[in-house]
Amino acid sequence: MKVFKFGGASVRNAQAVRNMASIVERYKNEELLIVLSAMGKTTNALESIWQDRLAEKNIAEKLEDLRTYHFGILHELIPDTQHPAATELAQWFEQLNNYLQKVDSNANRYYDALISFGELVSSHIVAHYLNHIGCPTQWLDAREVIATDNTAREGKIDWEKTHERCNQLIKPNIKNKRIITQGFIGKSEDGYTTTLGREGSDFTAAIVASCLQAESVSIWKDVPGILNCDPKLFADAVKFEELSYQEAAEMTYYGASVIHPKTIKPLANKNIPLWVKSFEAPEERGTLIHDCIMGQLPPCIIIKPNQCLITFKVTDFTFINEENLSLIFHSLDALNIKINVMQNTAISFSICVDNQDYKIKALINRLQDHFKILYNEDLTLATVKNYSPEVIKRISEGKKIYLEQRSRSNFQAVMA
Ligand SMILES: Nc1ncnc2c1ncn2[C@@H]1O[C@H](COP(=O)(O)OP(=O)(O)O)[C@@H](O)[C@H]1O
Ligand SMILES: N[C@@H](CC(=O)OP(=O)(O)O)C(=O)O
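Given the structure is predicted, the values throughout are model-derived calculations rather than measurements.

In terms of regular secondary structure, the chain is built from 13 helices and 17 strands. Relative to a compact globule of 416 residues, whose C-alpha radius of gyration would be 22 Å, the chain shows 22 Å and is just as compact. Reported as C-alpha extents along the three principal axes, the dimensions of the chain are approximately 75 × 55 × 40 Å. Counting all 416 residues of the chain, 42% fall into the buried class. Within the chain, contacts between residues separated by at least 24 positions form 74% of all contacts whose residues are at least 6 apart in sequence.

Before going further, it helps to spend a moment on the domain arrangement of the chain. If you check the domain split of the chain, you get domain 1 (2–214) and domain 2 (300–415). In this structure, domain 1 and domain 2 have C-alpha centres spaced 34 Å apart.

To continue, consider helix H5 (residues 107–115). What H5 keeps buried is the set Tyr110, Tyr111, Asp112, Ala113, Leu114 and Ile115. Those residues of H5 that are buried are in contact with helix H2 (42–54), helix H4 (84–101), helix H6 (117–132) and strand S7 (193–195).

Once that is clear, we can look at the confidence of the model for the chain. Summarising the model, the chain shows a mean pLDDT of 96, and 100% of its residues fall at 70 or more. At the level of chain-chain contacts, confidence expressed as ipTM amounts to 0.98, with global pTM at 0.94.

Moving on, we come to the site of ligand 2. All residues adjacent to ligand 2 are Gly7, Gly8, Ser37, Ala38, Thr43, Gly118, Gly183, Phe184, Arg198, Glu199, Gly200 and Ser201. The class makeup of the residues in the shell around ligand 2 is two nonpolar, eight polar and two charged.

Further remarks concern the packing of helix H7 (residues 159–169) against helix H8 (residues 201–211). Their axes nearest at 9 Å, the elements H7 and H8 cross at an angle of 70°. Considering their axes alone, H7 and H8 lie roughly perpendicular with respect to each other. Residues Thr162, His163 and Cys166 of H7 form the contact with H8, whose own contacting residues are Ile207, Val208 and Cys211. Here the contact of H7 with H8 is composed, by residue class, of four nonpolar, two polar and no charged.

Its location among the elements puts alanine 334 in helix H11 (residues 322–334). Taking the number of C-beta atoms within 10 Å as the measure of exposure, alanine 334 has 11 and is therefore exposed. Separated by 286 residues in the primary sequence, alanine 334 and serine 48 place their C-alpha atoms 26 Å from one another.

What follows concerns the nonpolar core. Formed by 109 residues in total, the largest nonpolar core has its most connected members in Ile34, Val208, Ala209 and Val217. Counting the residues that make up this core, at least three belong to each of domain 1 (2–214) and domain 2 (300–415). With sequence-adjacent residues up to four places away left out, valine 217 is seen in contact with Val3, Lys5, Ala205, Ala206, Ala209, Leu267, Ile272 and Leu274.

The subject of this paragraph is the packing of helix H3 (residues 60–77) against H6. Interaxial distance between H3 and H6 falls to 10 Å at its minimum, and their mutual angle equals 5°. The angle between H3 and H6 places the two elements in the roughly parallel class. Seen from H3, the contacting residues are His70, Ile73, Leu74 and Leu77; seen from H6, they are Val121, Ile125 and Tyr129. When its residues are assigned to classes, the contact of H3 with H6 shows six nonpolar, one polar and no charged.

Let us now look at the sheet that holds strand S12 (residues 300–313). Strands sit in the order S13-S14-S12-S15-S17-S16 across an open sheet of six strands; the sheet is antiparallel. Both edges of this open sheet fall to strand S13 (339–344) and strand S16 (401–406), since each of them pairs with a single strand only. Direction aside, the axes of adjacent strands within the sheet are offset by 25° on average. In this structure, strand S15 (residues 372–385) lies alongside strand S17 (residues 410–415), joined through six bridges in antiparallel fashion. Within S17, the residue paired with alanine 382 across the bridge is alanine 413. Sheet contacts for helix H9 (residues 245–254): S12 and S15; angle to S12, the most-contacted strand, approximately 50°.

A few words on the UniProt feature "domain: Aspartate/glutamate/uridylate kinase" (unreviewed entry) in the chain. Annotation from UniProt places "domain: Aspartate/glutamate/uridylate kinase" (unreviewed entry) at residues 2–278. Between the first and last C-alpha atoms of residues 2–278 the distance is 17 Å; the span itself is 45% helix and 15% strand.

Counted at 1.5 Å a residue, the expected span for H3 with its 18 residues is 26 Å, and the 26 Å between its end C-alpha atoms agrees. Among the structural elements, helix H1 (14–26), H2, H4 and H6 are those in contact with the buried residues of H3.

Next up on the list: the site of ligand 1. Close contacts around ligand 1 come from 17 residues, with Gly7, Ala9, Leu227, Asp230 and Val258 the closest. Of the residues assigned to the shell around ligand 1, the class counts are seven nonpolar, five polar and five charged.

As a further point, take the sheet that holds strand S10 (residues 274–278). Taken together, the eight strands give an open sheet; going across it, the order is S3-S5-S2-S1-S8-S10-S11-S9, and neighbouring strands pair in mixed fashion. The outermost strands of the open sheet, each flanked by one partner alone, are strand S3 (137–140) and strand S9 (242–244). Direction aside, neighbouring strands of the sheet carry axes that sit 20° apart on average. Both strand S1 (residues 2–6) and strand S8 (residues 216–221) contribute to a ladder of five bridges, which runs parallel. Across the sheet, the residue bridging to valine 3 is valine 217, located in S8. Seen against the sheet, H8 touches S1, strand S2 (32–36) and S8 and runs at an angle of roughly 170° to S1.

What counts and how
Residues numbered from 1 in each chain as written. Chains lettered and ligands numbered in written order. Predicted model: local features only at pLDDT ≥ 70, side-chain atom pairs only at ≥ 80, totals over all residues. Helix = DSSP H or I, 4+ residues; strand = E, 2+ residues; numbered from the N terminus. Rg over C-alpha atoms; globule rule 2.2 N^0.38 Å. Buried ≥ 20, exposed ≤ 12 C-beta atoms within 10 Å, placed from the backbone. Contact = placed C-beta atoms within 7 Å. Domains from an automatic or database assignment. pLDDT = per-residue confidence, 0-100. Near = placed C-beta within 6 Å. Nonpolar A, V, L, I, M, F, W, Y, C, P; charged D, E, K, R; others polar. Axes fitted to C-alpha atoms, helices over the stretch in contact; angles between N-to-C directions. Parallel < 35°, antiparallel > 145°, perpendicular 65-115°, else oblique. Core = buried A, V, L, I, M, F, W, Y, C linked by C-beta atoms within 7 Å. Pairing = 2+ DSSP bridges. UniProt positions renumbered as here; feature names shortened; annotations may be inferred. Expected span 1.5 Å × (residues − 1).

Rendered as structure tokens:
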């Protein structure tokens, strides 16, 4: 069995869905599990609706735009307005509307319930389209398979339950039909919809592949594979033919957004190869991530935007010591905040983290009685693996550097 993951860009309009379906058709003799993301920028749109709803703003226009966008794609793919796909899509939007009538007192759980609609609706449209063109496909609700704990917005996988459900619900049914399911979403022990963290559909593909010991995973992207930097930012980016699990995991850790950071580990543990391929040129090879020995790699630039630099200063002339650090780390752990870079001086400790507003507010709340806290937003973290002086000059030129550090092979700078 192969697992294919298609992201938002690969189903952003009707033409893209046709192209995605043509890739699926090329593999019609394979057992295929398709993991699909929300269409285009739907998740951002839903996040914005969620924020407006909490702020009690009018959401009618944004909701109508989302509805028009999805119905537009469906009608282009299946023009018959009486087709069950249209009736069911209307029902999905009615359900979304019902959710929006009430607000859960737990804003983050409410987030999960709303945001999951993007994946549910996109997989619904694509499943109907594949069946419509004679490519028998079964729709599967990922929430019946992906079991998580109760953590909202970042559900942690219950591997044992998920393994059991994959074997019950996917394995026996994939023989004669492709199965299409949603990335990014799951269900908690308490029966609530959960999400796995933004851009988590790649992780879903790795989870199911690991549980079912798939032959391979292919992630279909708008780039030819993994390059030594984002080709949208650096025109001279060079594609890797292959990467070791270790190298790929490090790149994603530093913020290479081409693959979600949690994707590599489950695949590496089961030695399942991961292909990153272009949906625009499916016949081309892409990048193969597998167990291999790498030679010297060229400098690899990773740009991570939307960073926040937080500095904790001790105010009582004690120094930054183990006790202070333990207080800070305890709070970071409790709030599930990942440090991207850290540095200390005698009286201050600085961390660079993703700018997740709700977590940063909670962190400051917890620690403001112990430290003087300063922070800067809208920063970028630039990392260069295997750096050279030329590359450092290229990325730092004209920038204001807030924090910088380097090891033998890695350079990192927080800049604006
Ligand atoms: N090192 C890299 N190699 C290739 N693409 C990269 C790299 N770093 C960042 N990217 C970006 O990742 C994008 C693909 O990821 P993403 O937009 O999340 O796809 P999707 O939402 O379709 O899954 C590319 O368009 C590219 O701009
Ligand atoms: N739709 C979700 C999950 C995801 O992984 O999407 P994509 O595959 O388009 O990055 C998000 O945008 O966060």
